Amino acid sequence: MSQPRATARTVPGGGLWRKPLPADPDAVAADAVRRMERYTGAAFARLLRFMGMVTLEWEAAGAVVRDVHGDEYIDCGGYGMFFHGHSHPRVVEAVRRQAGELAQSTRLLSHLPQAELAERLAEVCPGELRYSFFCNSGAEAVEGALKLARAATGRSGIIAAEDAFHGKTMGALSATGKAQYQDPFRPLVPGFRHVPFGDEAALAAAAAEAAQAPGGLAAVLLEPIQGEAGVVLPPPGYLAAARRLCDRHGALLIFDEVQCGIGRTGAMFVCGQEGVDPDILATAKSLGGGVMPLGAFTATPAAWRPFDDAPFLHTSTFGGSPLACAAGLAALEAIAQEGLLQRAQSLGRRLETGLREIGRRHSAVVAEVRGRGLFWGLDLRSEGAGGMVLNELLASGVLVVYSLNRPRVIRVMPPAVATEAQIDFVLEMVDRAAATAAAAAPDLL
Ligand code: PLP
């Protein structure tokens, strides 16, 4: 085990590291950032320098990440992919074993990990969802879901929500509700319209309009809890109303649970929690157990029909590889056998109580605290306050992310394998960061 520098910051549960730190971490980090700047573009490197983050993530386990300088962080970010934490032993072991046996598929024969994962996914999905197509990312899962909806209905119209985030490939981007990400790439895929999330009347009006328009209405696509919009929960009855509208117009309901699904809210899926069954469900992020890239769209037999007739209508070289499926299977096993849903609920209650208290104490900068389970957003009163809280947390050993489509909302998404002490540490640091932002408030707001 290597020794971090004497002043390196530790966090609860850190310290058990195997990978030696380099003798001159400053030089290693500066060199890597320089090479990134040169070969992956200047923008991200510039941002790292601006944030004073000329360092590198070096090793991670569970809720803790250690950087090249030996400083530790509790990771509540990762774009929401670490429900299992980093390098979950069960997932790592499954991937290690699978890599030595059969890593990628011939694509002519089928393999056991995919069959097992598809069956397991059907078991944990609500309603009639049964058939899965595996891919490598959330955007691909949404792309596939949209294509299936169009093929299944023979229609082209799609309704999505304002501020929604569904990914950045052309189809998913056309559904993503943020002009800043769309404008440089126009024309987008035609047939998309957006409505305010949570507004049942607006959805009903848009559905009626789309149903009459050329192309008709193929699907309504919603995140049951919006992630990048800043952890926005649906008003009671909204998702059920979307279901009824789809049924009325013969359209499909697609739920994108890429971020909010796979345990994040203390249930396997939000749609299960809400008692509303979609026709197609998109998943990714934590489906790969925080180890492998893995996404899926899972559909009912009725929605799946176009793919029954034409198995090569939608394909992917890497999608559903034995390696990724072994990770997915181990990820679902870990949730079931290690009680991670129950763990997310109990840790979630602790986190909620603490965050709500912080919200009350620092109401000068915190406008609202929203969330469920281990999926929380601190809605700050300005982007400046959000940036300051994020930076303060970074400096004190807590990694969080701002929300892509509403940057003033800081998302706190710890893994279900975190300890109570780690959650308490996060709360203490969020409290301090909010206090610092509150002290600077007149200038920030
Ligand atoms: N859908 C949702 C709800 C997401 O939050 C994201 C990513 O944040 C995506 C889709 C896109 O996933 P990916 O980045 O894996 O393409």
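Residues numbered from 1 in each chain as written. Predicted model: local features only at pLDDT ≥ 70, side-chain atom pairs only at ≥ 80, totals over all residues. Heavy atoms only, no water.

> Looking at this structure, I do not really get the site of the ligand. What am I missing?
Neighbouring the ligand are the residues Ser137, Gly138, Ala139, Phe165, His166, Gly167, Glu223, Glu228, Asp256, Val258, Gln259 and Lys285. One of the backbone nitrogen or oxygen atoms of Gly138 is found 2.8 Å away from an oxygen atom of the ligand. Gln259 places a side-chain nitrogen or oxygen 2.7 Å from an oxygen atom of the ligand. Coverage of the ligand by the protein amounts to 83% of the 390 Å² it exposes when considered alone. Its residues assigned to classes, the shell around the ligand comprises three nonpolar, five polar and four charged. (Near = heavy atom within 4 Å. Polar contact = N/O pair within 3.5 Å; in protein donor to acceptor, adjacent residues only side chain to side chain. Areas by Shrake-Rupley, 256 points an atom, 1.4 Å probe, with all protein chains shown as cover. Nonpolar A, V, L, I, M, F, W, Y, C, P; charged D, E, K, R; others polar.)

> I'm lost on helix 13 (residues 340–361) in this one. Help?
Residue pairs three or four apart in sequence face the same way in an α-helix, which turns once every 3.6 residues. When the terminal C-alpha atoms of helix 13 are compared, their 31 Å separation across 22 residues agrees well with the 32 Å that a helix rising 1.5 Å per residue should span. Turning to helix 13, its buried residues number three or more, namely Leu340, Leu341, Ala344, Leu347, Gly348, Leu351, Gly354, Leu355, Ile358 and Gly359. Elements in contact with the buried residues of helix 13: helix 12 (322–337), strand 11 (366–372), strand 12 (375–380), strand 15 (406–412) and helix 15 (420–439). (Helix = DSSP H or I, 4+ residues; strand = E, 2+ residues; numbered from the N terminus. Expected span 1.5 Å × (residues − 1). Buried < 20%, exposed > 50% of the residue type's maximum accessible area, 1.4 Å probe, protein only. Contact = heavy atoms within 4.5 Å.)

> Looking at this structure, I do not really get the nonpolar core. What am I missing?
If you look at soluble globular proteins, the nonpolar side chains tend to sit buried side by side. In this structure, Ile159, Leu222 and Leu355 are the most contacted members of the largest nonpolar core, which totals 93 residues. Leave out the neighbours within four places in its chain, and Ile159 touches Arg193, Val195, Leu203, Ala206, Ala207, Ala210, Leu217, Ala219, Val220 and Leu221. Counting residues in hydrophobic clusters, the runner-up holds 28 residues, among them Val142, Ala284, Phe297 and Trp304. (Core = buried A, V, L, I, M, F, W, Y, C linked by side-chain atoms within 4.5 Å.)

> I tried to follow the domain arrangement of the protein chain on my own but got confused; where do I start?
Much of the literature gives interface size as the accessible area that the parts lose upon coming together. When cut into domains, the protein chain gives domain 1 (25–87 + 340–444) and domain 2 (89–337). The gap between the C-alpha centroids of domain 1 and domain 2 is 27 Å. The interface of domain 1 with domain 2 comprises 30 residues on the first partner and 38 residues on the second. Interface of domain 1 and domain 2: buried area, both sides summed, is about 2900 Å²; carbon and sulfur atoms make up 53% of it. Together, Arg372, Phe375 and Asn405 form the three largest contributors to the area buried by domain 1 at its contact with domain 2, with a combined 28%. For Arg411, the salt bridge is made with Glu228, and the minimal N-O distance between the two is 2.9 Å. Of all the elements in the fold, those that place two or more residues in the side of domain 1 that touches domain 2 are helix 13, strand 11, strand 12, strand 14 (401–403) and strand 15. Grouping the amino acids of the side of domain 1 that touches domain 2 by side-chain chemistry returns 16 nonpolar, ten polar and four charged. (Domains from an automatic or database assignment. Buried area = accessible area lost by both parts, 1.4 Å probe. Salt bridge = Lys/Arg side-chain N within 4 Å of Asp/Glu carboxyl O.)

> Hey, could you run me through the environment of Gly138 in this one?
Within the secondary structure, Gly138 is located in helix 5 (residues 138–153). In the structure, Gly138 is positioned 70 residues away from Ala208 in sequence and 29 Å away in space, judged by C-alpha atoms. With residues up to four places along the chain from it excluded, the contact list for Gly138 reads His166, Val258 and Ala284.

> Honestly, the packing of aromatic side chains in this entry has me stumped. Any pointers?
For any pair of aromatic rings, the description consists of the separation of the ring centres together with the inter-plane angle of the planes. Tallied over the entire structure, the rule returns six aromatic pairs. A ring pair is formed by Phe133 and Phe297, whose centres lie 5.3 Å apart and whose planes are at 25 degrees; its orientation type is stacked. Of this pair, Phe133 sits in strand 4 (residues 131–135) while Phe297 sits in strand 10 (residues 295–299), and the two are 164 residues apart along the sequence. Considered together, Phe133 and Phe297 belong to a single accessibility category, that of buried residues. An angle of 40 degrees between the planes, with centres 6.1 Å apart, marks the rings of Phe297 and Trp304 as tilted. Judged on exposure class, the residue Phe297 and its partner Trp304 are both buried. Geometry around Tyr73 places Arg9 over its ring, the cationic atom sitting 4.7 Å from the centre. (Phe/Tyr/Trp six-rings, centres within 6.5 Å; stacked < 30°, edge-to-face > 60°. Lys NZ or Arg CZ within 6 Å of the ring centre and 35° of its normal.)

> Please clarify how unusual backbone geometry should be interpreted in this entry.
Glycine aside, residues mostly have negative phi angles, and peptide bonds mostly take the trans form. For the bond from Arg186 to Pro187, the omega torsion is 5 degrees, close enough to zero to count as cis. Position of Pro187 among the secondary structure elements: in the loop between helix 7 (179–182) and strand 6 (192–195). Although it is not a glycine, Ser87 adopts a positive phi angle of roughly 45 degrees. Here Ser87 lies in the loop between strand 3 (72–75) and helix 3 (89–101). The backbone phi angle of Arg107 is positive, close to 70 degrees, even though this residue is not glycine. Topologically, Arg107 is positioned in the loop between helix 3 and helix 4 (112–124).

> Even after reading the chapter, I still don't get a nonpolar patch on the surface, so can you show me in this structure?
Among the surface-exposed residues, Phe44, Leu47 and Phe50 lie close enough to one another that they form a single nonpolar patch of about 370 Å² accessible area. We classify Leu47 as partly exposed; its relative accessible area is 40%. (Patch = residues over 30% accessible without salt bridge, like charges linked within 9 Å, V, L, I, M, F, W, Y side chains within 5 Å.)

> Sorry, what's going on with the pattern of salt bridges here?
One side chain can pair with another of opposite charge once the charged atoms of both are near each other. Counted by the stated rule, this structure contains 22 salt bridges. The partner of Arg90 in a salt bridge is Glu333, with the nearest N and O atoms 3.7 Å apart. Of this pair, Arg90 sits in helix 3 while Glu333 sits in helix 12, and the two are 243 residues apart along the sequence. We classify Glu333 as partly exposed; its relative accessible area is 34%. In this structure, Glu93 engages Arg96 in a salt bridge whose closest nitrogen and oxygen atoms are separated by 4.0 Å. Of this pair, Glu93 and Arg96 both sit in helix 3, separated by three residues, roughly a single helical turn. Counted as one network, the salt bridges with shared partners bring together Glu368, Arg370, Asp379 and Arg408.

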